[in-house]
Structures are given as structure tokens and as C-alpha cells.
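Remarks on the overall topology
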Amino acid sequence: MSEPWRYRPGDHYVLDDLSGFKIRRSRARTIPGGQTGQALVDGRRWEAQQPQDFVRGVADEQSVDVARPRQENRFTVVGTCVAAPAAAGSGVVAVASTLGFAVGDRVQIMLDRGENVAVSIVAIGGGMLTIVPVLPGAAGVLGGGMENMVLKIAQGSSSSFLMAEGGVLLGTEDGLLLVLEAGA
């Protein structure tokens, strides 16, 4: 119900900024700050300012007390796979890539029966690794890629590890390849 339009000295009409209705200035209040800051509204619609509007931010110190450069990557694995079948007793293995291998390197070759053998490279040429001792079993006849790995064994250490896709931990220890499921 609206009040009648009557003149009152010093009490003029204003429009409520939220509802759009006319109200007397004596009944109007100003909402301080916030999203509706400085809005002139009816006293029944007035809201106190949110206390969170008065909170002052505190500077958050995020510097590191002991800053060090990033460590070098020590877990780089040089590896490839057998490219063509090699029979048991063979001293030459065809590989997909010889990049990263050198004469004198120790490598592990996975045989088709799932066993790993540690050998030394005596010659490299034409995508072939000449190895000693000879392979005790066939390699490259079954499967490809992961089934026929050729991994360089890190020099100066008897053990190194690599986290492969799928959460499988691959590692070499004393010339043997270890394959551990994550969490084992």
C-alpha cells in the first residue's frame, strides 16, 4: 500500500534503487560499499555491510629460504629394441637404433623367453651390435618393442631405475633387469 502523494516540507520522494518504488527520503537508507554500494533503499530492504568487506589482505611471503638450481637428470636410459630375429648362439644383434651406444658399453638384451642377458658391445655398424658373450637364447623372434629391449647399463653404478608408462618401475641391478609393478 502506497502512501498518498502529499507534500511534507524537507521530506521529498526518492526512488528505491532495488525495487523502483517511490519512498520518502526520511524512510530511505543508503547501503554502504559492497556489490550494491551506495544504493538508496527503503529501510525495510536495508542490509548492513558484510563484515568480510572490512578484512585487509596480508602479504604472503612465498620465497624459498634455500634456493638451489634444478638437479641434472641422472636417470636417462639409453635403449632400443631388437629389429630382426637373432638365434641362440648369435654374436650379432640387429637393433632399431645404435644412437647412444658405444664400443665397450654393457647392455642388457631381453630374450624371447623373458630372461635378460648382460653382454658387452665389441663393434657397432650398419644397425648391428656385435656382442660378447653370444646370446644364450633367441631374441627378436617373438613380439617387438618392450618384449625385445636392448638397454645400456649405466657405467660406474651397479643399479639405476626408470619409471615407465603405466606405473611400472624398470631398473637394472648387477646386470639383471628388474620389473616391479608400482606399489610393490
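Since this is a predicted model, take the numbers as computed values, not measurements.

**Side note on the overall build of the protein**
- Per the secondary structure count, the protein includes zero helices and 13 strands.
- A total of 184 residues make up the protein; the buried ones form 27% of that total.
- Looking at the protein alone, contacts between residues at least 24 apart form 42% of all its contacts between residues at least 6 apart.
- As presented, the protein carries roughly 12500 Å² of accessible surface, and 55% of it is formed by carbon and sulfur atoms.

**Some words on the sheet that holds strand β7 (residues 106-110)**
- One open sheet accounts for six strands, arranged β5-β10-β7-β8-β9-β6; its pairing is antiparallel. The open sheet is flanked by β5 (79-81) and β6 (92-94), the only strands paired with a single partner. Within this sheet the neighbouring strands show an average axis-to-axis angle of 35°, counted without direction.
- Sheet analysis places β7 next to strand β8 (residues 116-125), joined by five bridges and oriented antiparallel. The residue bridging Q108 from the neighbouring strand is A118, located in β8.

**Some points on the pattern of salt bridges**
- Tallied over the full model, the rule gives six salt bridges.
- Note that D11 and R8 form a salt bridge whose closest N and O atoms lie 3.5 Å from each other.

**A short note on the environment of G114**
- You can see G114 is positioned in the loop between β7 and β8.
- On the basis of relative accessibility, which here comes to 46%, the residue G114 falls in the partly exposed class.
- Taking the C-alpha atoms as reference points, G114 and E147, separated by 33 residues in sequence, lie 7.6 Å from one another.

**Let's talk about the pairing of β8**
- Between β7 and β8, which pair antiparallel one after the other, the connecting turn spans five residues, and G114 there sits at a positive phi close to 90°.
- Of the pairings in the sheet, the one linking β8 to strand β9 (residues 128-132) comprises five bridges and is antiparallel in character. Directly across from A123, in β9, lies its bridge partner T130.
- Following β8, the chain reverses through two residues before pairing antiparallel with β9; G126 in that reversal takes a positive phi of roughly 60°.

**A closer look at the nonpolar core**
- Counting 16 residues, the largest nonpolar core has V93, V107, I109, I131, L135 and V150 as its most contacted members.
- Looking at this core, the elements that each hand over two or more residues are β7, β8 and β9.
- Aside from chain neighbours lying at most four places away, what touches V150 is V78, G79, T80, C81, V82, V95, F101, V107, Q108, I109 and L129.

**Details of the side chain of D11**
- Residue position: D11 is located in the segment before β1 (13-15).
- Excluding residues within four positions of it along the chain, D11 makes contact with R24, R25 and S26.

**Observations regarding unusual backbone geometry**
- The residue after V132, namely P133, is reached through a cis peptide bond having omega -10°.
- Along the chain, P133 turns up in the loop between β9 and β10 (149-152).

**Some points on the packing of aromatic side chains**
- This model, assessed by the stated rule, comprises zero aromatic pairs.
- Looking at R29, its charged tip hangs above the ring of W46, at a distance of 3.7 Å from the centre.

**Describing the environment of G10**
- Checked against the element boundaries, G10 lands in the segment before β1.
- Residue G10 is classed as exposed on the basis of its relative accessible area, which comes to 80%.
- For the pair G10 and S26, spaced 16 residues apart in sequence, the C-alpha separation works out to 8.8 Å.

**Here's the deal with the confidence of the model for the protein**
- The predicted model of the protein averages 80 in pLDDT, with 78% of residues at 70 or higher.
- Low pLDDT (under 50) marks residues 157-173, which in the prediction has 40 contacts with non-local residues, meaning those over four places away or in another chain.
- Contacts of residues 180-184 to residues separated by more than four positions or lying in other chains number six contacts, the stretch itself having pLDDT below 50.

The rules behind these values
Residues numbered from 1 in each chain as written. Predicted model: local features only at pLDDT ≥ 70, side-chain atom pairs only at ≥ 80, totals over all residues. Heavy atoms only, no water. Helix = DSSP H or I, 4+ residues; strand = E, 2+ residues; numbered from the N terminus. Buried < 20%, exposed > 50% of the residue type's maximum accessible area, 1.4 Å probe, protein only. Contact = heavy atoms within 4.5 Å. Areas by Shrake-Rupley, 256 points an atom, 1.4 Å probe, with all protein chains shown as cover. Pairing = 2+ DSSP bridges. Axes fitted to C-alpha atoms, helices over the stretch in contact; angles between N-to-C directions. Salt bridge = Lys/Arg side-chain N within 4 Å of Asp/Glu carboxyl O. Core = buried A, V, L, I, M, F, W, Y, C linked by side-chain atoms within 4.5 Å. Phe/Tyr/Trp six-rings, centres within 6.5 Å; stacked < 30°, edge-to-face > 60°. Lys NZ or Arg CZ within 6 Å of the ring centre and 35° of its normal. pLDDT = per-residue confidence, 0-100.

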